[in-house]
Amino acid sequence: MKALCYLLFFIPFLFTLSCKKDTPLPQPKVNELQLSIQYNIDNVSYVTNINKYVNQAGNHFSISRVSYYLSQIKLIKSDNSSVLVKEYQYVDADNTSSNKLIFNSIPIGDYIGIKFNIGLDSLHNISDALPTTMENINMAWPQMMGGGYHFLKMEGNFLDSLGQSFGYAMHLGTNVCLIPIMLNKKFTVSADSKLSFNLVMNINEWYKNPNIFDFNKDGNYIMGNMMLMKKITENGIDVFTL
Amino acid sequence: MKRYIIVVFIVVVFAILYSCKKDTTLPADFKATPYTLKIPARFPAPIIAIDNPMTEEGIKLGRMFYYDPILSTNGKSCVTCHFRENSYSSAPLFLASNGAKISVIPHINLAWNPDFLWDGSEPTLDREPLADFGPEFFNTNMSELIQKLKNHPKYPILFKQAFNIDDIATLSEKDLQLKIVYAITQFLRTMISADSKYDKMLKRQVNFTPEEMDGMQTFMTERGDCFHCHGDPLMTSNTFNNNGLDSVLTGSNLGRYLVTLNDFDKGKFSSPTLRNIELTAPFMHDGRFTTLEEVVEFYNSGVNWNSPNIDPIMTKPAKKYGLGLSTTQKANLVKFLKTLTDTAYINNKDFMSPF
Ligand SMILES: [Cu+2]
């Protein structure tokens, strides 16, 4: 009887052992830096399709989609030289994995900040320059409109002046609307260090500072309208904090 | 007692072996030849099922099932509703058991679809045709089908070659259905269209007429804004959108909502590919338009702005009074849509009946 008990006790172990090769041991990663992108709307948490946000212009709005490219992600060393860690990255606010950027083998040293663009740098902002993935082709900016890719697609609904729910689509693109971001942050990378930072986008910053964007006055759509795209571009400088 | 322990031990050993089944290699006599899809230039990676790897033999078997009424008790096969000339769709509307009239969806580039049916209620191609065994379609009698397949001169060998199944009768009815469907979907994935006049123009093998060029201008720019939902190269964004067909939504017009029960999905449908659109009338989920001219006129002047969840692309300020296209621009847009017709696709012998 005792033997049976022992046997039963070991069964679970046998199962785990027997399938060991299915679960490879995590590889040790060296000099890793992780950026977790998070979203809020003036301190209100980000949830899709719920009309509960208010922007600077007083528009009540919801969000159904936030997707964008980051490019030329660089870590800035204390001597102002920089380390390119990623050429470009597609981010969809609703896709958890695309909001977790992990960089490995970062050179040891003291750093003073992180730099990147919202949008694609001109070398990548050419039709078919990116490998064709489902995400990339849905971000395409047609050849006939200059080619390249949407830098940003932000969509949802707002309550118009009559109180009726109405869609908006903030689509940003073209080289002149590239948004350079520089975030100061002192950190040190040493052998086997593992750093992790939160990169937070305040979505309401797209609609204020320096330009108040009002869905009711400026309209619900900006793609192809350079004046409106410029407004959003200028507002984009401070959407991220680190 | 001892015997009891031995039984437990044997069970455990088998359980352990079974739990690692995926590690065992296929028997040496397995003959299926792996098949790699030829992906057209500029297309993204297709969505391939890990549980249904494509093989030459699987495709061959699937092509036979696609055409063979042996699966049904009413003489029907897939091509009863999916005609080659119509890019494997057909004009008569399908009357669902709930009374809804549904336009038959063409079979074209399905390997790139992330969702199936107008409301996207089926997420996996390799499950979609399971419904076809039901009373609305084939009304299949499974025990009869097993006998017919067993006694057939070709199917038993093909099952062996494609799936290494020695005796169909050893499969449960459910497993047999799934294997039949797997074969068919392997065949469906080979049905690729990327050789329309539009594709040839992009490859600089042919030129567009000035009219087609103007139509493309409408399609691919803010003038008509079609590209946002029917974008290159698949000519679909593979997203759910409400293009404003109705201001009041009832019954099957609620679309995606009937799957998710989220209010913000009311009126949304899976944006369809426009490849071979010239061949697949009538148009929209309920086939409400019979010509492309009607469709273009709808986008030009008939969009219901007050439709719940209407896509923001449809309601930008410049569209307030419709697209405002001239008669010529509308005609040219239709001409552009017709450049998406791929006659090599519908004349491809590999997709035709093997019988
Ligand atoms: Cu756009």
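Calculation rules
Residues numbered from 1 in each chain as written. Chains lettered and ligands numbered in written order. Predicted model: local features only at pLDDT ≥ 70, side-chain atom pairs only at ≥ 80, totals over all residues. Heavy atoms only, no water. Helix = DSSP H or I, 4+ residues; strand = E, 2+ residues; numbered from the N terminus. Buried < 20%, exposed > 50% of the residue type's maximum accessible area, 1.4 Å probe, protein only. Contact = heavy atoms within 4.5 Å. Areas by Shrake-Rupley, 256 points an atom, 1.4 Å probe, with all protein chains shown as cover. Lys, Arg positive; Asp, Glu negative; His and termini not counted. Charge placed at Lys NZ, Arg CZ, Asp CG, Glu CD. Arc of directions from axis to C-beta. Pairing = 2+ DSSP bridges. Core = buried A, V, L, I, M, F, W, Y, C linked by side-chain atoms within 4.5 Å. Salt bridge = Lys/Arg side-chain N within 4 Å of Asp/Glu carboxyl O. Domains from an automatic or database assignment. Buried area = accessible area lost by both parts, 1.4 Å probe. Phe/Tyr/Trp six-rings, centres within 6.5 Å; stacked < 30°, edge-to-face > 60°. Lys NZ or Arg CZ within 6 Å of the ring centre and 35° of its normal. 1 Å grid on protein atoms, 1.4 Å probe; cavity = no way out; pocket = protein on both sides within 12 Å on 5 of 7 lines; lining within 4 Å. Points joined across faces, edges and corners; volume = space filled by probe spheres on them. Nonpolar A, V, L, I, M, F, W, Y, C, P; charged D, E, K, R; others polar. Donors = N, O, S within 2.8 Å, 3.2 Å for Na, K, Ca; no water. Tetrahedral: all angles 85-135°; square planar, octahedral: opposite > 155°, others 65-115°.

Engineer: Honestly, the overall build of chain B in this entry has me stumped. Any pointers?
Structural biologist: In terms of regular secondary structure, chain B is built from 11 helices and 4 strands. With the principal axes as the frame, chain B shows a C-alpha extent of 85 × 45 × 40 Å. Per-residue burial over chain B gives 51% buried out of 355 residues. Across chain B, the fraction of contacts at a sequence separation of at least 24, relative to all contacts at a separation of at least 6, is 68%. If you sum the accessible surface of chain B, you get close to 16900 Å²; carbon and sulfur atoms cover 58% of it. Here chain B contributes 37 positive and 38 negative side-chain charges, whose respective centroids are spaced 3 Å apart.

Engineer: Mind showing me how you'd approach the side chain of Ser307(B) here?
Structural biologist: Residues and elements named next belong to chain B. Inspection of the secondary structure puts serine 307 in the loop between helix H9 (292-302) and helix H10 (327-338). Looking at serine 307, the relative accessible area reads 3%, which means it is buried. Look past the residues within four positions of serine 307 in its chain and what remains in contact with it is Asn242, Gly244, Asp246, Ser247 and Leu249.

Engineer: What is the right way to look at helix H4 (residues 155-163) of chain B in this model?
Structural biologist: At 3.6 residues per turn, the α-helix brings residues three or four places apart onto the same side. All names here are of chain B. Listing the buried residues of H4 in full gives Tyr155, Leu158, Phe159, Ala162 and Phe163. The buried side chains of H4 occupy one side of the element, clustering within an arc of 105° when seen end-on. On the buried face of H4, the contacting elements are helix H2 (56-67), helix H3 (142-150) and helix H5 (173-190). Of the residues flanking the end of H4, it is asparagine 164, one or two places downstream, whose phi is positive at about 60°.

Engineer: Would you explain the pairing of strand S9 (residues 150-159) of chain A in this entry?
Structural biologist: On a regular strand, each side chain points to the face opposite its neighbour's, so the side chains alternate between the two faces of the sheet. Residues and elements named next belong to chain A. Within S9, 9 of the 10 residues are buried, which leaves it mostly tucked inside the rest of the structure. As paired elements, strand S5 (residues 65-77) and S9 share 4 bridges and run antiparallel to each other. Note that in S9 the partner of tyrosine 68 across the bridge is leucine 152. Taken together, the 9 bridges between S9 and strand S10 (residues 165-173) define a ladder with antiparallel strand orientation. Looking at the pairing, glutamate 155 lines up with alanine 169 of S10. Hairpin geometry of S9 and S10 is characterised by an intervening segment of 5 residues between the two adjacent antiparallel strands and by a positive phi of about 80° at glycine 163.

Engineer: I tried to follow the nonpolar core on my own but got confused; where do I start?
Structural biologist: Grouped burial of nonpolar side chains is what soluble globular proteins tend to show. Within the largest apolar cluster, 88 residues are counted, with the highest numbers of intra-cluster contacts made by Tyr68(A), Leu70(A), Phe116(A), Ile203(A), Trp206(A), Tyr207(A) and Phe240(A). Apart from the residues lying within four places of it in its own chain, the contact partners of Leu70(A) are Ile37(A), Glu87(A), Tyr88(A), Gln89(A), Val91(A), Leu101(A), Phe116(A), Asn117(A), Ile118(A), Gly119(A) and Phe240(A). Listed in part, the 51 residues of the second largest apolar core include Leu145(B), Phe163(B), Ala183(B) and Ile346(B).

Engineer: Got a minute to help me understand the pattern of salt bridges in this structure?
Structural biologist: Counted by the stated rule, this structure contains 19 salt bridges over all chains. The salt bridge involving Arg223(B) is made with Asp214(B); its shortest N-O contact spans 3.1 Å. On the accessibility criterion, Arg223(B) (28% relative accessible area) is partly exposed. In this structure, Arg288(B) engages Asp286(B) in a salt bridge whose closest nitrogen and oxygen atoms are separated by 2.9 Å. A residue is classified by how much of its surface remains accessible, and Arg288(B), at 28% relative accessible area, is partly exposed. Each of Asp128(A), Arg42(B) and Asp232(B) takes part in salt bridges that share partners, so that together they form one network.

Engineer: Which parts of the structure should I look at to understand the domain arrangement of chain B?
Structural biologist: Quoted interface sizes are often the accessible area lost when the parts come together. All names here are of chain B. The domain architecture assigned to chain B consists of domain 1 (39-192) and domain 2 (197-339). Measuring from the centre of the C-alpha atoms in domain 1 to the corresponding centre in domain 2 gives 29 Å. Between domain 1 and domain 2, the contact holds 26 residues from the first and 24 residues from the second. Counting the surface domain 1 buries against domain 2, the share from its top three residues, Arg42, Trp118 and Asp119, is 32%. Across the contact surface, domain 1 and domain 2 share 1 salt bridge. When the shortest N-O distance is used, the salt bridge between arginine 42 and aspartate 232 registers 2.2 Å.

Engineer: I would appreciate a short explanation of the packing of aromatic side chains in the present structure.
Structural biologist: Between two aromatic rings, the relevant description is the distance of the centres plus the angle of the planes. Throughout the structure, instances matching the rule amount to 34 aromatic pairs over all chains. Each ring, one from Tyr111(A) and one from Phe187(A), has its centre 5.1 Å from the other, and the planes form 5°; the classification is stacked. Taken together, the residues span a long stretch of sequence, with Tyr111(A) in strand S8 (residues 109-118) and Phe187(A) in strand S11 (residues 179-189) at a distance of 76 residues. The buried category is assigned to Phe187(A), whose relative accessible area is 6%. Relative to Trp112(B), the ring of Phe43(B) lies with its centre 5.1 Å away and its plane at 85°, an arrangement referred to as edge-to-face. With a gap of 69 residues between them, Phe43(B) in the loop between helix H1 (2-19) and H2 and Trp112(B) in the loop between strand S2 (101-102) and H3 connect regions that are remote in the sequence. The buried category is assigned to Phe43(B), whose relative accessible area is 6%. Linked through ring pairs, Tyr53(A), Phe61(A), Phe158(A), Phe166(A), Tyr168(A), Tyr207(A), Phe213(A), Phe215(A) and Trp305(B) together constitute an aromatic cluster. Stacked on the ring of Phe163(B), the Lys or Arg Lys179(B) has its end atom at 5.6 Å from the ring centre. Here the guanidinium or amino end of Arg256(B) rests over the ring plane of Phe240(B), the centre of that ring lying 4.0 Å away.

Engineer: For this particular structure, what's the right way to read the pairing of strand S6 (residues 82-92) of chain A?
Structural biologist: Residues and elements named next belong to chain A. Sheet topology note: the S5/S6 ladder contains 9 bridges and is antiparallel. Residue pairing across strands places tyrosine 68 opposite valine 91, the latter belonging to S6. Hairpin connection between S5 and S6: a loop of 4 residues separates the two successive antiparallel strands, and asparagine 80 in this loop has a positive phi of roughly 70°.

Engineer: Help me out: how do you make sense of the layout of surface pockets in this one?
Structural biologist: Rolled over the atoms, a probe sized like a water molecule indicates the empty space that remains. Here the second largest pocket is characterised by a volume of approximately 1200 Å³. Together, 40 residues line the second largest pocket, and Ser64(A), Arg65(A), Thr239(B), Phe240(B) and Lys268(B) are the ones closest to its centre. Residue composition of the lining of the second largest pocket, grouped by class: 9 nonpolar, 20 polar and 11 charged.

Engineer: Can you walk me through the coordination of the copper ion in this structure?
Structural biologist: Under ideal tetrahedral coordination, the four donors around a metal are separated by 109.5 degrees; under ideal octahedral coordination, the six donors are separated by 90 or 180 degrees. His150(A) (NE2), His171(A) (ND1), Met223(A) (SD) and His228(B) (NE2) make up the full set of protein donors to the copper ion, lying at 2.0 to 2.1 Å. For the copper ion, the 4 donor atoms are set out with angles of 96 to 134° between them, so the coordination reads as tetrahedral. Of this pair, His150(A) sits in strand S9 while His228(B) sits in the loop between helix H7 (210-220) and strand S3 (240-241), placing the two residues on different chains. Exposure remark for His150(A): the relative accessible area of 0% places this residue in the buried category. On the basis of relative accessible area, His228(B) is assigned to the buried category, the value being 9%.

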